[in-house]
Amino acid sequence: MTISTTAIVSSKASIGSNVSIGDFTIILDNVVIGDNVSIQSHCLIGQPTSLSDGTPLVIGNDSLVRSHSIFYEGSQFGSALMTGHRVTVREKIEAGDNLQIGTLCDLQGHAKIGNYVRFHSSVHIGQKSIIDDFVRIYPYSVLTNDPHPPSNLVLGVKVNKYAIIATMCCILPGVQIGEKALIGACSLVKSDVEPETVVAGVPAKYICRASDIKLKDGSNQPAYPWMRHFHRGYPKEITDEWMSIYDT
Amino acid sequence: MTISTTAIVSSKASIGSNVSIGDFTIILDNVVIGDNVSIQSHCLIGQPTSLSDGTPLVIGNDSLVRSHSIFYEGSQFGSALMTGHRVTVREKIEAGDNLQIGTLCDLQGHAKIGNYVRFHSSVHIGQKSIIDDFVRIYPYSVLTNDPHPPSNLVLGVKVNKYAIIATMCCILPGVQIGEKALIGACSLVKSDVEPETVVAGVPAKYICRASDIKLKDGSNQPAYPWMRHFHRGYPKEITDEWMSIYDT
Amino acid sequence: MTISTTAIVSSKASIGSNVSIGDFTIILDNVVIGDNVSIQSHCLIGQPTSLSDGTPLVIGNDSLVRSHSIFYEGSQFGSALMTGHRVTVREKIEAGDNLQIGTLCDLQGHAKIGNYVRFHSSVHIGQKSIIDDFVRIYPYSVLTNDPHPPSNLVLGVKVNKYAIIATMCCILPGVQIGEKALIGACSLVKSDVEPETVVAGVPAKYICRASDIKLKDGSNQPAYPWMRHFHRGYPKEITDEWMSIYDT
């Protein structure tokens, strides 16, 4: 356990074994941190809020929280959470294992997130979002939730397994993105997207089947489903399964 | 008064009664903080700039500045300012009461902001913007000011009372947004917008009267003007007035 | 040399003369800082990464790094680097002199950047980007690099001299932006852009020659090439050369 002498760690926080806490980081009361977790410098962990119902912030084993990040109390993360710098994560998120949250992401809380989800930099996740396993969302994309702002309705976006949302997309409230779908860059998605299809544009329209897109590596292989060829960052037991499905 | 022992507070700063200042926060010389103000951790308050003409940063009574925020000297905020985390606020802003500035907002200074204005997360306000009372601007929207970048012209955007700018909009220099207008998500607004109308698209075009949009709550009531049905966060004397106008 | 007593500065770091280091800032081992450099508060400088090949972070003479910024080891910056607040700069960037990086920019590393380049706030630069001298990129614009995300291909964007990318543009992987071109606000650029042309839209299409755009200052002079009329922030020897070329 290496806790910086300049860190401020509440004696009420539950800290696992082999935890590292960086300089000028604050760990508040209502926090449960697992084993082998590293929290870098200048973070604020466990910010209180009346919206948490008193539940703690739970960060699972083997996690890495990079510098200048802020987590509220009241959210639960499985093992191997990995964040970029200066992420902001609010209350009432239930997330699985191996979530990656990129630099400058803003998670507004009250959301469900599966396993092996990856948010690149500057992704904004509105309340009531539901994001299934293996989804990947690219920079400056937003999941919204208010159908006619401002209102008292909160209609979350649902993103199904293996779907990809490229850079700078806006998904309107209540939209469902089908499994293995691809949302092209700079799209405004106003209605549900069928599985394994590509939509793009403002507003987004059907472009083609996902499997119609070819890899630009000269192989002429389909670029989607991406699990056929992209394995970086996923464990062998998962990529072995993908390889058996796609016979690569 | 609870000032953290790790905070660095200039003896030249004017600090009201019942003020709380968080860990690792820096309050510099040219700052006037009202009563009952809370400034959270890791903030930098009163950053000097030659553009301030020596005027102080003034933060009114009953304000809350969340962690990792940066305020320059030379701007004035009324009472009950509330910020999210890591906002950046530069010099020469004159703001009314009850301004809310969401997480990651970037206010470039030299702007006028009315009462009860709300910026959600990651809103970018260019210099010379004028934003009237009760305006609401949603994530990743930008008010620009340079008509042919880079140039020496600064043509601010004017947003009139009760107007709504939804997520990921870009308002071009010198544009006026009419009272109670709605700018749909992902719009590029190149010309003035009439009051009580809806525009959307790239570039934005007239869609309908604002009152033509119906609430998606089954009531079939008009969603705009929004003051008819949305009262959260506004005081009773204001919502009572709205209710008398709209006879709800 | 004025190093704050609350800063944490590695004895292994190489620090030039007349350097100022702000409160709560951390300077790690593998860092070379030139003379007359100011690094403000709450920064993290020299973050280690296995991707740096052990090369240091080099910040040239006469540089200013504003508060809450993060620099990794393994990037090299010439003299007179100037950053806004909370920039994030990763490894393997080779940058020239007089680079300006605005508040909240996110530079993902592995990029080449020329002299006198300016990124305004919230610009996102993907890996393998090549950005030539005097380029200017405006808020919320993104240079991407993955042609069919996620994949193992990294096709960087190339932006040539004097080109301007306006607010909220997305440049797709492998695209080349020609010298003195202008990308209008809110554009999705899918294919190469000819020199001295204007493109705009989603997807971007040819609009006109850059020189067809007139200044909105009543002069009726062409707004591009911008070097004809915009000199702020550039040294006299450069603007004198521009004036001799454009005979202004």
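Provided above is the structure to which this section pertains.
The rules behind the values
- Residues numbered from 1 in each chain as written.
- Chains lettered and ligands numbered in written order.
- Predicted model: local features only at pLDDT ≥ 70, side-chain atom pairs only at ≥ 80, totals over all residues.
- Heavy atoms only, no water.
- Helix = DSSP H or I, 4+ residues; strand = E, 2+ residues; numbered from the N terminus.
- Polar contact = N/O pair within 3.5 Å; in protein donor to acceptor, adjacent residues only side chain to side chain.
- Contact = heavy atoms within 4.5 Å.
- Salt bridge = Lys/Arg side-chain N within 4 Å of Asp/Glu carboxyl O.
- Buried < 20%, exposed > 50% of the residue type's maximum accessible area, 1.4 Å probe, protein only.
- Buried area = accessible area lost by both parts, 1.4 Å probe.
- Nonpolar A, V, L, I, M, F, W, Y, C, P; charged D, E, K, R; others polar.
- Least-squares fit on C-alpha atoms with pLDDT ≥ 70 in both.
- Core = buried A, V, L, I, M, F, W, Y, C linked by side-chain atoms within 4.5 Å.
- Arc of directions from axis to C-beta.
- Pairing = 2+ DSSP bridges.

Caption draft 1: Region of interest: the side chain of Thr103 of chain C. Within the element layout of this structure, Thr103 of chain C appears in the loop between strand S16 (100–101) and strand S17 (106–107). Among the polar contacts made by the side chain of Thr103 of chain C, one reaches the main-chain amide nitrogen of His85 of chain C at a distance of 3.0 Å. When near neighbours in sequence (up to four residues on either side) are disregarded, Thr103 of chain C contacts Thr88 and Asp106 of chain B together with Gly84, His85, Arg86, Val87, Ser121 and Ser122 of chain C.

Caption draft 2: Just the pattern of salt bridges, in detail. Residues and elements named next belong to chain C. For the structure on display, the rule yields twelve salt bridges over all chains. Ionic pairing is found between Asp240 and Lys236, a salt bridge with its closest N-O pair at 2.7 Å. Residue Asp240 and its partner Lys236 are located together in helix H1 (residues 236–246), separated by four residues, close to a single helical turn. Overall, the relative accessible area of 35% leaves Asp240 in the partly exposed class.

Caption draft 3: The interface of chain A and chain C, seen in detail. Counting residues at the interface gives 34 residues for chain A and 39 residues for chain C. Counting each side, the surface lost to burial between chain A and chain C is near 2,700 Å², with a carbon and sulfur contribution of 66%. The tally of links between chain A and chain C comes to zero salt bridges. Linking chain A with chain C are 15 residue pairs in polar contact (both at pLDDT 80 or more), by the criterion used here. By residue class, the composition of the side of chain A that touches chain C is 15 nonpolar, eleven polar and eight charged.

Caption draft 4: Molecular detail of the side chain of Thr197 of chain C. Residues and elements named next belong to chain C. Within the secondary structure, Thr197 sits in strand S30 (residues 197–200). By relative accessible area, which is 4% here, Thr197 ends up buried. Reaching out from Thr197, the side chain makes a polar contact with the backbone oxygen of Glu194 at a distance of 2.6 Å. Apart from the residues lying within four places of it in its own chain, the contact partners of Thr197 are Ala181, Leu182, Tyr206, Cys208, Arg209 and Ala210.

Caption draft 5: Region of the structure containing the relation of the copies chain B and chain A. Between chain B and chain A, which share one sequence, the superposing operator has a rotation angle of 120 degrees and an axial displacement of 0.0 Å; the RMSD is 0.0 Å. The relationship between the two copies is best expressed as a three-fold rotation axis.

Caption draft 6: Structural view of the nonpolar core. If you look at the biggest cluster of nonpolar residues, it comprises 173 residues, and the most contacted ones within it are Phe119 of chain A, Phe119 of chain B together with Phe119 of chain C. Every residue in contact with Phe119 of chain A, bar those within four places of it in the chain, is listed here: Leu99, Gln100, Ile101, Gly102, Cys105, Leu107, Ile113, Ile125, Ile131 and Ile137 of chain A.

Caption draft 7: Unusual backbone geometry, seen in detail. For the peptide bond that leads from Pro149 of chain B to Pro150 of chain B, omega is -10 degrees, which places it in the cis range. Relative to the elements of secondary structure, Pro150 of chain B occurs in the loop between strand S23 (142–143) and strand S24 (158–159). The residue after Val202 of chain C, namely Pro203 of chain C, is reached through a cis peptide bond having omega -5 degrees. A positive phi angle, close to 60 degrees, is found at Asn36 of chain C, a residue other than glycine. By the secondary structure assignment, Asn36 of chain C is in the loop between strand S6 (31–33) and strand S7 (38–39). Even without being glycine, Leu104 of chain C reaches a positive phi, approximately 70 degrees.

Caption draft 8: Representation of H1 of chain C within the structure. All names here are of chain C. Residues of H1 that are buried include every one of Ile238, Thr239, Trp242 and Tyr246, and no others. Axial view of H1: buried residues confined to an arc of 90 degrees, hence all on one face. Exposed and oriented more than 90 degrees from the buried face of H1 are Lys236, Glu237 and Ser244. Positioned one or two residues after H1, Asp247 has a phi angle of 55 degrees, which is positive.

Caption draft 9: Layout of the interface of chain B and chain A. Counting residues at the interface gives 34 residues for chain B, matched by 39 residues for chain A. Summed over both partners, the interface of chain B with chain A comes to about 2,700 Å²; 66% of that surface belongs to carbon and sulfur atoms. Considering only the side of chain B, the residues that lose the most area to chain A are Phe24, Arg86 and Tyr140 of chain B, jointly responsible for 21% of the buried surface there. Linking chain B with chain A are 15 residue pairs in polar contact (both at pLDDT 80 or more).

Caption draft 10: Just the sheet that holds strand S9 (residues 57–59) of chain C, in detail. All names here are of chain C. Taken in spatial order, the nine strands line up as S3-S6-S9-S12-S15-S18-S21-S24-S27 in an open sheet, and their pairing is parallel. With one partner strand each, in any of the chains shown, strand S3 (14–15) and strand S27 (176–177) form the two edges of the open sheet. Pairing between S6 and S9: three bridges, direction parallel. Looking at the pairing, Ile33 lines up with Ile59 of S9.

Caption draft 11: Structural context of the sheet that holds strand S12 (residues 76–77) of chain B. Residue and element names in this part refer to chain B. Taken together, the nine strands give an open sheet; going across it, the order is S3-S6-S9-S12-S15-S18-S21-S24-S27, and neighbouring strands pair in parallel fashion. Strands with a single pairing partner mark the edges of an open sheet, and in this sheet they are strand S3 (14–15) and strand S27 (176–177). Note: S24 against S27, two bridges, orientation parallel. Bridge pairing links Lys158 to Gln176 in S27.

Caption draft 12: Main features of the pairing of strand S30 (residues 197–200) of chain B. All names here are of chain B. For strand S28 (residues 182–183) and S30, the ladder comprises two bridges, and the chain directions are parallel. For Leu182, the partnering residue across the bridge sits in S30 and is Val198. Pairing between S30 and strand S31 (residues 205–209): four bridges, direction antiparallel. By the bridge assignment, Thr197 is partnered in S31 with Arg209. In textbook terms, the turn of a hairpin is the stretch between consecutive antiparallel strands, and for S30 and S31 this stretch comprises four residues, one of which, Gly201, has a positive phi near 110 degrees.

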